[in-house]
Every structure is written in structure tokens, then in C-alpha cells.
Amino acid sequence: MDTTLAALYPDHIRTVESRHDRVLTETGFDHAVIFGGSERTVFLDDYPYPFKVNPHFKAWVPVLTNPNCFVSYTPGKKPVLIYFRPVDYWHKPAGEPEGYWVEHFDIRMIGSLDEARQHLPTGGRTVLIGEPDGVVEDWGFAAVNPSEVVDRIHFARAWKTDYEIECMRQANAAGVRGHLAAERAFRAGASEYEIHLQYLRATAHNEAQLPYSNIIAINENAAVLHYQHQEREVVPADKRYSFLIDAGASVNGYASDITRTYSEHDDEFRALIGAMDEKQQELCAEVRPGLDYRELHLSAHRKVAEMLVQFGFVNVDAGEAVQSGMTRTFLPHGVGHLIGLQVHDVGGFMKEESGETIPRPDGHPFLRLTRKVDVGQSFTIEPGFYFIDS
């Protein structure tokens, strides 16, 4: 048992309960049922896609790989975990629930999805939160994913509990082990595919457990922002110039997101990487409560402009490089995003619980976070400096 997480979880579950208490009261519902999700079968086949649990569900319990589970919550009562454990000789059913979190739930075992109905609340108005699957949403719920409920929950998710922060801290530690192994593999001449395998081994993850698909890019592949392949061919030593890796890890459903770039040689590109690292650290130093995150994004563009001038890529000053939109060619994405139960965590544009949003700066359509920074929030700061042919 992880004693740190065990010590932090009770306060976490009380926070989750209190948020739902308030949301249900404000929106006129008596109960909430959070559906973990069901498996989806591949078209014209009989095997499922990898199961991805509803993030609302894993905020309550670290049950990540078992479909057809529910959390049922009524304010003032112990939350109920409806746990799917069928008799099955084709697949190995989920194990018995165990760990530091189980004492906080009234656990009901079911062998089929339909059995869950007898454990759901009766009387009053019940809201269902989760992905409709064609069956569950027809069980007589008063509403399914109403915006007035999910907007309030999403807005609050920007503030992390100590338990959530510890999960992400451990996810970062696992990611670091993977990144160090990936760099060693690159230096040893491995292919993108082999580097990817070394990352998986070092993090003790399989493909389905990654919070997002690894970006493992040698040479010009790094100029594709979400490069989606892992080439099997080994790049000859005299044609290996650079390596970019964007990869994370997951602990109890909480994500890390780390990007690093390396140069094969002690050259101008390595100097660029060093300058970019300095700029990124300067951005981190600008963070303070009350900061408009949009200003952090625009500050990143000013720093990219300084690099363009410093390395002689443009023949204008930094101010003009920003004003003309030139920096958007080299930094086409947003500088960061909320992170937690999802890599790109929800609520990044929300001004308040009502769902009203904060617009992106003009000319910056891919920024994922426009809120003001506050204590307890978790977000990334990842400026880029890309040379993209298109």
C-alpha cells in the first residue's frame, strides 16, 4: 500500500463529496450516478477497443480498467460503488476491490450490467454523469450530463486536492524514468519504435495505460506537432540529427505530460534547445496567483521572438516579429493546458461555474487555457520552437 496516498485520500473523497453536495443542491437534484463506462466493440468484429474510464468516475475511485461500474451518491450518505465482476471464462474478471479507498464506499457486486439497476437510488431526481451507451441512459434518470451539473464540476476540477497532486507527482516520476531511458536509447542509435519500447519498459506501462500516445520523433518528424508513428527503420548514424519525445505516465488515472528535445551534435540546434529551456524557465518564474494565463501565452511569443532575433532567423526586431504574427509560424500551439484526470483537463476556458467562457487572444486559436492562475491549480507550461515545412 502507498502510505502517502492512503493518508491523503480521505480528505480527497470528502472534497469530491462536498463538491457534489453543493452542485446537487444548486441544481435541484437529489442523487448523482456516475457511470464508469462500457466497452466498445470494434466494427464488424467481436473484440473491444481499449477501455477508457469516465474521468468523473476515476475522480471518486482508482478503478481504471473495469467497465460497467457505477458510483451512486446521495448527499449525507456513504457513496455506493456498484462493482462489475461477472462469471466469465473468456476473460479474467476484475479482482476484488482492495486498497486504502475501499472503506469509504458501500460496495455492491454485480454480475451483469442490468443488475446495477437494483442498487440505484429511488425517489427524488437522479442525474446520470457519464457516456451514454444506449442502455444505461434509458433507466429513468431525470437528466443525463446536464450542463448546469457538469459545468460546475468541471470548473472545480482546476483545483487539485493534495491526493491528486501526489498522484501527478508520482506520474511525473514515472515519466522521468521513461524519458531518461528514451534518451539513452536515442544516443545508442535505436529506432523510434525501439525508443518507444524502452519508454514503456522504464515506466512499467503498456500502450493502454499511457495517458496519451507517445510522440517519438527523430529528425524532421519532430516538426509534426502530434506525430503519430514510430518508424521501425534505424536512422544511419551520419543522418541522425535530433530527437523529440512528448510522453507521459499515469498513476491512479492522473496524468503527466513531459516534452524534451535533444541534438545529436554540439551544434547550433543544441544551442537553440538551451535557449528554449532558459525561456521556459523564465515563463515558470512569471507564474503567480491572479495571473491571466493568456498573458503567459503571449509572453511565450515574446520570448520566441527574442530567439528569432538572437539566432538571426529574422531581420526585424522582436516587437515586430510578435506584432506581425511571425512568431505564430514557429510557435503554432498554445503554451499549455490544465492537467489532471485528463491530459488536456476540462474547464480551461471557463470564467465561472455557469459555463461562461473566456475567449482566446485574437490569432491564437489553439490555446487550451484562458483562466486566471490560482493556488492549487495544475497546468503545463510548454513553449515550442518549431521549423515546419508547411
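Check the entry above for the structure.
The sections below set out a description of the structure shown in this document. (Residues numbered from 1 in each chain as written. Predicted model: local features only at pLDDT ≥ 70, side-chain atom pairs only at ≥ 80, totals over all residues. Heavy atoms only, no water.)

### Quick notes on the overall build of the chain
Note the following rule: We count a stretch as a helix when DSSP gives it H or I for four or more residues in a row; a strand needs E for two or more, and each element gets its number in order from the N terminus. Computation of the radius of gyration draws on C-alpha atoms, with the globule rule given as 2.2 Å multiplied by the number of residues to the power 0.38. Burial classes follow relative accessibility: with a 1.4 Å probe on protein chains only, a residue under 20% of its type's maximum area counts as buried, one over 50% as exposed, and anything between as partly exposed. Residues count as neighbours in contact if any of their non-hydrogen atoms are within 4.5 Å of one another. Note on areas: these come from Shrake-Rupley sampling with a 1.4 Å probe, and a residue is covered only by the protein chains present in the view. Charge counting treats Lys and Arg as positive and Asp and Glu as negative, with His and both chain ends excluded. Where a charge lies is defined by one atom per residue type, namely NZ (Lys), CZ (Arg), CG (Asp) and CD (Glu).
If you tally the helices and strands in the chain, you get nine helices and eleven strands. Taken against the 2.2 N^0.38 rule, which gives 21 Å for 390 residues, the C-alpha radius of gyration of the chain at 23 Å falls within 12% of a compact globule. Viewed in the frame of its principal axes, the chain has a C-alpha envelope of about 70 × 45 × 45 Å. Here the chain, with 390 residues, has 50% of them falling under the buried criterion. Of the contacts made within the chain by residues no fewer than 6 positions apart, 67% connect residues no fewer than 24 positions apart. Carbon and sulfur atoms form 50% of the exposed surface of the chain, whose accessible area is close to 19200 Å². The chain carries 37 positive and 56 negative side-chain charges, and their two centres are separated by 3 Å.

### So, helix H6 (residues 268–286)
In plain terms, the rule: Multiply 1.5 Å by the residue count of a helix minus one, and that product is the helix's expected span. Taking the helix axis as origin, the arc is that swept by the directions to the C-beta atoms. We call two N or O atoms a polar contact when they sit within 3.5 Å, provided that within protein one can donate a hydrogen and the other can accept it, with sequence-adjacent residues counted only if both atoms are side-chain atoms.
A rise of 1.5 Å per residue sets the reference length of H6, with its 19 residues, at 27 Å; its end C-alpha atoms lie 27 Å apart and thus fit the reference within 8%. Here H6 has its buried residues at Leu272, Ala275, Met276, Lys279, Gln280 and Leu283. Seen along its axis, H6 keeps its buried residues to an arc of 145 degrees; they face one direction. Exposed residues on H6 whose side chains face more than 90 degrees from its buried face are Glu278 and Ala285. Near the N-terminus of H6, the side chain that reaches the backbone nitrogen of Phe269, with its oxygen 3.2 Å away, is that of Asp267.

### Re the state of the cysteines
What counts is decided by this rule: A pair of sulfur atoms, both from cysteines and within 2.5 Å, is called a disulfide here.
This model, assessed by the stated rule, comprises zero disulfides. The thiol of Cys167 is unpaired, and the distance to the nearest cysteine sulfur, on Cys69, comes to 18 Å.

### Side note on the environment of Gly124
Summarising the element assignment, Gly124 is placed in the loop between strand S4 (106–110) and strand S5 (126–129). Along the sequence, Gly124 and Gly28 sit 96 residues apart, while their C-alpha atoms lie 9.6 Å from each other. In contact with Gly124, other than residues within four places in its own chain, are Asp30 and His31.

### Focus on the packing of aromatic side chains
Let me state the cut-off plainly: Between rings of Phe, Tyr and Trp, where Trp is taken as its six-membered ring, a pair exists when centres lie within 6.5 Å; planes separated by under 30 degrees are stacked, by over 60 edge-to-face, and by other angles tilted. Cation placement over rings: the criterion is NZ of Lys or CZ of Arg within 6 Å of the ring centroid and within 35° of the ring normal.
Summed over all chains, the structure comprises 19 aromatic pairs. With centroids separated by 6.4 Å and ring planes inclined at 85 degrees, the aromatic side chains of Tyr163 and Tyr254 adopt a geometry described as edge-to-face. You can see Tyr163 sitting in helix H4 (residues 162–187) and its partner Tyr254 sitting in strand S10 (residues 254–255), a full 91 residues away along the chain. Note on accessibility: Tyr163 and Tyr254 belong to one class, buried. Lying over the aromatic face of Phe29, Arg125 brings its terminal NZ or CZ to 4.4 Å of the ring centre. Directly above the ring of Tyr193 sits Arg232, whose terminal nitrogen or CZ lies 3.9 Å from the centroid.

### With respect to a nonpolar patch on the surface
Here is the rule we go by: Patch membership needs two things, relative accessible area over 30% and no salt bridge, and members are linked within 9 Å if like-charged or within 5 Å if nonpolar (Val, Leu, Ile, Met, Phe, Trp, Tyr). The salt bridge criterion pairs a side-chain nitrogen of Lys or Arg with a carboxyl oxygen of Asp or Glu, the two atoms within 4 Å.
Where nonpolar side chains cluster on the molecular surface, the patch consists of Phe43, Leu44 and Tyr49 and spans about 430 Å² of accessible area. For Tyr49, the position within the fold is in the loop between strand S1 (31–35) and helix H2 (55–58).

### Thoughts on the sheet that holds strand S7 (residues 215–218)
Let me state the cut-off plainly: At least two bridges found by DSSP between two strands is the condition for calling them paired. Here an axis means a line fitted to C-alpha atoms, over the contact stretch when the element is a helix, while the angle between two N-to-C directions is reported on a 0 to 180 degree scale.
Sheet architecture is open: three strands sit in the order S7-S8-S11, paired in antiparallel fashion. On the outer flanks of this sheet lie S7 and strand S11 (258–263), each paired with one strand and no other. Going across the sheet, the axis of each strand differs from the next one's by a mean of 5 degrees, ignoring polarity. Inspection of the sheet shows strand S8 (residues 242–247) paired to S11 by six bridges, in the antiparallel sense. Bridge assignment links Asp246 to a residue of S11, and that residue is Thr259.

### Description of the environment of Leu120
The residue Leu120 is located in the loop between S4 and S5 in this model. Each C-alpha atom, one on Leu120 and one on Val33, is 7.7 Å from the other, the two residues being 87 residues apart in sequence. Dropping the residues within four chain positions of it, Leu120 is found in contact with Val33, Ile82, Trp139 and Phe141.

### Remarks on the pattern of salt bridges
Counting across every chain of the model gives 16 salt bridges. Between Asp106 and Arg108 there is a salt bridge, with the nearest N and O atoms lying 2.8 Å from each other. For Glu183, the salt bridge goes to Arg187, with nearest N and O atoms at 3.4 Å. Taken together, the residues span about one helical turn, with Glu183 and Arg187 both in helix H4 at a distance of four residues. Among the residues examined, Glu183 registers a relative accessible area of 21% and is labelled partly exposed. The network of salt bridges with shared partners includes Arg22, Glu26, Arg152 and Glu353.

### Some remarks on unusual backbone geometry
With the exception of glycine, most residues fall at negative phi, and the peptide bonds are largely trans. With phi around 65 degrees, Leu44 is a residue other than glycine that occupies positive phi space. As for its placement among the helices and strands, Leu44 is situated in the loop between S1 and H2. Its identity as a non-glycine residue notwithstanding, Asn252 has a phi of 55 degrees, on the positive side. Of note, Asn252 is situated in the loop between strand S9 (250–251) and S10.

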